[in-house]
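Coordinate inspection notes
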Amino acid sequence: MRKKSLIGGIFILFVLSYSLAGVACAAQWAKAYGYGNYTDETAYSVQQTIDGGFIVAGLKKTSGSSSYRYWIVKLTAEGVIEWEKDYIKGANVPFNIELIDRDGDGKKDDGYIFAGVSDFFGDFGWTDLWLVRLGLTGDIKSQGYTGDEGVDQGRFIQQTSDRKYIIVGNTKSFDVDEIDIWVYRLDPDSGTSWQETIGGAQEDKAVSVRETSDKGYIIAAQSNSFGSSSLDWDYWIIKLNQDGNVQWHKTYGGDKTEYVSSIQQTADGGYIVAGYSSSFTTSFNGWIIKLDAQGAIQWQKVYTGAYRAYSIDQTSDGGYIVAGTSTDMDALIMKLYSDGTIEWQKTYGGSSHEEAHAIQQTGDGGYIAAGYTESFGEGGGTSSPNFWVLKIDHNGEIPDCSAMGTPGVTASDTSITPGTPTEINVQSVATEWRDTSITPADTEVAASEVCYHKGQTTGFLPAVNMLLAD
């Protein structure tokens, strides 16, 4: 088994090396996608697909309406729309879309899945978790909802190495005191494997979950129950084993407020966590912490000038790529070395407000990022956000792009000590699934090209997370 694992690691390293060397001239571009007329479109998730294109997922809302709807757009490698679909109305709650492997061939090329929230059905409570599996062209292959008597939300889903799913959301059902974390392990063939709530006396909310190398799970949450102050939020990181039992959990924060956004397990078995904090400067700024496998802090830094850090991903060189917003309200991308110091930083925006909510390293060694723009696209400059999608090279560049800038973000060490709450409430819960029969609607918007550089594509190799290593 060890020989197989070693060979698999060498193969992935070869793929990365070849990818960076041989496909580094793919197109770079910045494009806006939206309706205009005071609609609101915000992208929360982006993934590179096996064909070299991209799947972008987010929410849209029409002026005068209080309802958000799920909107998913498939793009080519050059940002051309292949298909776009509108799904059921949901809530203004960020979510992610995940590529899936259904046939067990080790490639995530069998469609997509997302877990969200909807009040459309209403049989269980105020809102329910809605789970949808899509085909490669956005058609719904399966769908259903579940919940209890109160407010229940899906927030993040990941397909696990056994081709099942781990889901986190938040709930005010099951007789919890306030809002608690809801963890759901789902076998798509036989139904629920297990589910539980985790929390304290106040509100606690999960934002992300990832399967770990030991087949357990790491949850990024924010806690109002525990931490440095009962009046403010802190990061709360929870490690579960494969059966959902808590192995360790720690809070991280200063004397004010911290909001966690993103977590990834790193190559050394530890974790990288991104979010933003008001504890270390006079306003909110990005705060990133590197943890070891047991949650001890290896380094921690505040990034002054980075108003928000929304997404983080470890890169092939052992560093990190971060997406967020600058204090000038432009979409911000920072490349960090492995110790958290800044390698390079870029902004992408216009006269109004831009944010980057998600980022991933791509098979050509560059990056794909998605969020929203109020400066460009249909209705640009009128406080009508459009999807904002950026394909940049390995240095963060889109050559000859007037929307690109260089901010002045600075990194400084912080010195908080993790906390370990002594009394947390973990309870096993049960819900039933009911089928839904929503039919997606085709939509038709044009892409507004802000910047484009052709490059000379010599081929495509998939991003590492499209391949399922043994």
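An account of the accompanying structure is given in this report. (Residues numbered from 1 in each chain as written. Predicted model: local features only at pLDDT ≥ 70, side-chain atom pairs only at ≥ 80, totals over all residues. Heavy atoms only, no water.)

**Focus: the sheet that holds strand 18 (residues 258–265)**
- Sheet architecture is open: 5 strands sit in the order 18-19-20-21-30, paired in antiparallel fashion. Looking at which strands have only one partner, the edges of the open sheet turn out to be strand 18 and strand 30 (410–413). Between one strand axis and the next, the sheet turns by 25° as a mean value, whatever way the strands run.
- Here strand 21 (residues 297–304) runs beside strand 30; their pairing, made up of 4 bridges, is antiparallel. In the sheet register, Lys301 faces strand 30, and the bridge partner there is Asp413. (Pairing = 2+ DSSP bridges. Helix = DSSP H or I, 4+ residues; strand = E, 2+ residues; numbered from the N terminus. Axes fitted to C-alpha atoms, helices over the stretch in contact; angles between N-to-C directions.)

**Focus on the pattern of salt bridges**
- For the coordinates displayed, the defined rule picks out 21 salt bridges.
- A salt bridge links Lys74 to Glu82; the shortest N-O distance between them is 3.3 Å.
- Taking relative accessible area as the criterion, Lys74 reaches 3% and is therefore assigned buried.
- On the basis of relative accessibility, which here comes to 42%, the residue Glu82 falls in the partly exposed class.
- Look at the salt bridges and you will find they share partners, linking Asp51, Lys74 and Glu82 into a network. (Salt bridge = Lys/Arg side-chain N within 4 Å of Asp/Glu carboxyl O. Buried < 20%, exposed > 50% of the residue type's maximum accessible area, 1.4 Å probe, protein only.)

**Regarding the pairing of strand 22 (residues 306–314)**
- Judged by how many residues are buried, strand 22 sits mostly within the fold: 7 of 9 residues are covered.
- Where strand 22 meets strand 23 (residues 320–326), 7 bridges bridge the pair, whose relative direction is antiparallel. When the bridges of strand 23 are listed, Arg308 appears paired with Thr325.
- Where strand 22 hands over to strand 23, the hairpin turn is made up of 5 residues, of which Gly318 adopts a positive phi near 90°.

**Remarks on the layout of surface pockets**
- Roughly 330 Å³ of volume is contained in the second largest pocket.
- For the lining of the second largest pocket, the secondary-structure elements that each account for two or more residues are strand 8 (128–134), strand 9 (140–146), strand 12 (180–187) and strand 32 (434–435).
- Considering only residue class, the lining of the second largest pocket consists of 7 nonpolar, 4 polar and 6 charged. (1 Å grid on protein atoms, 1.4 Å probe; cavity = no way out; pocket = protein on both sides within 12 Å on 5 of 7 lines; lining within 4 Å. Points joined across faces, edges and corners; volume = space filled by probe spheres on them. Nonpolar A, V, L, I, M, F, W, Y, C, P; charged D, E, K, R; others polar.)

**Description of the side chain of Thr325**
- Within the element layout of this structure, Thr325 appears in strand 23.
- Ignoring anything within four residues of it in the chain, the contact list for Thr325 reads Ala306, Tyr307, Arg308, Tyr310, Asp330, Leu332, His353, Glu354, Glu355 and Ala356. (Contact = heavy atoms within 4.5 Å.)

**Concerning the packing of aromatic side chains**
- Tallied over the full model, the rule gives 25 aromatic pairs.
- When the centroid spacing of 6.1 Å and the interplanar angle of 70° are considered together, the rings of Tyr87 and Phe114 count as edge-to-face. You can see Tyr87 sitting in strand 5 (residues 81–90) and its partner Phe114 sitting in strand 7 (residues 112–118), a full 27 residues away along the chain.
- Aromatic pair Phe280 and Trp287: ring centres 5.1 Å apart, planes at 45°, arrangement tilted.
- Residue placement shows Lys31 over the ring face of Trp29; its charged tip is 5.6 Å from the ring centre.
- In this arrangement the basic side chain of Arg308 is found over the ring face of Tyr307, its NZ or CZ atom lying 3.9 Å from the centre. (Phe/Tyr/Trp six-rings, centres within 6.5 Å; stacked < 30°, edge-to-face > 60°. Lys NZ or Arg CZ within 6 Å of the ring centre and 35° of its normal.)

**Comments concerning the sheet that holds strand 1 (residues 28–33)**
- One open sheet holds the 5 strands; their spatial order is 26-27-28-1-34, and the pairing between them is antiparallel. Edge positions in the sheet fall to strand 26 (354–361) and strand 34 (447–453), since each has one partner strand and no second. For this sheet the average axis-to-axis angle between neighbouring strands, irrespective of direction, equals 15°.
- Here strand 1 runs beside strand 34; their pairing, made up of 6 bridges, is antiparallel. Considered in strand 34, the bridge of Ala30 is made with Cys451.

**Observations concerning the side chain of Asp232**
- Checked against the element boundaries, Asp232 lands in the loop between strand 15 (217–223) and strand 16 (234–240).
- For Asp232, which is buried and forms no salt bridge, the nearest opposite charge comes from Lys256, at a distance of 8.7 Å.
- Here the side chain of Asp232 touches Thr257 through a polar contact of 2.9 Å, side chain to side chain.
- For Asp232, the residues in contact, after removing those within four places along its chain, are Ser223, Asn224, Asp255, Lys256 and Thr257. (Lys, Arg positive; Asp, Glu negative; His and termini not counted. Polar contact = N/O pair within 3.5 Å; in protein donor to acceptor, adjacent residues only side chain to side chain.)

**A few points about the state of the cysteines**
- A complete count under the given rule lists 1 disulfide for this structure.
- Here Cys401 connects covalently by a disulfide to Cys451, the sulfurs 2.0 Å from one another. In this structure, the disulfide formed by Cys401 and Cys451 twists by about 70° around the S-S bond and is classed as right-handed. With Cys401 in the loop between strand 28 (386–392) and strand 29 (404–405) and Cys451 in strand 34, this pair connects stretches of sequence that are 50 residues apart.
- Overall, the relative accessible area of 9% leaves Cys401 in the buried class. (Disulfide = S-S within 2.5 Å.)

**Here's the deal with the pairing of strand 5**
- The element strand 5 is largely enclosed, with a buried count of 7 among its 10 residues.
- The sheet contact formed by strand 4 (residues 68–75) and strand 5 spans 7 bridges and is antiparallel. Directly across from Lys74, in strand 5, lies its bridge partner Trp83.
- Linking strand 4 to strand 5, which pair antiparallel, is a turn of 5 residues; within it Gly79 sits at a positive phi near 85°.
- When strand 5 meets strand 33 (residues 441–442), the two strands line up antiparallel, connected through 2 bridges. If you follow Asp86 over to strand 33, its bridge partner there is Ala441.

Keep in mind these numbers describe shape, not what the thing actually does.
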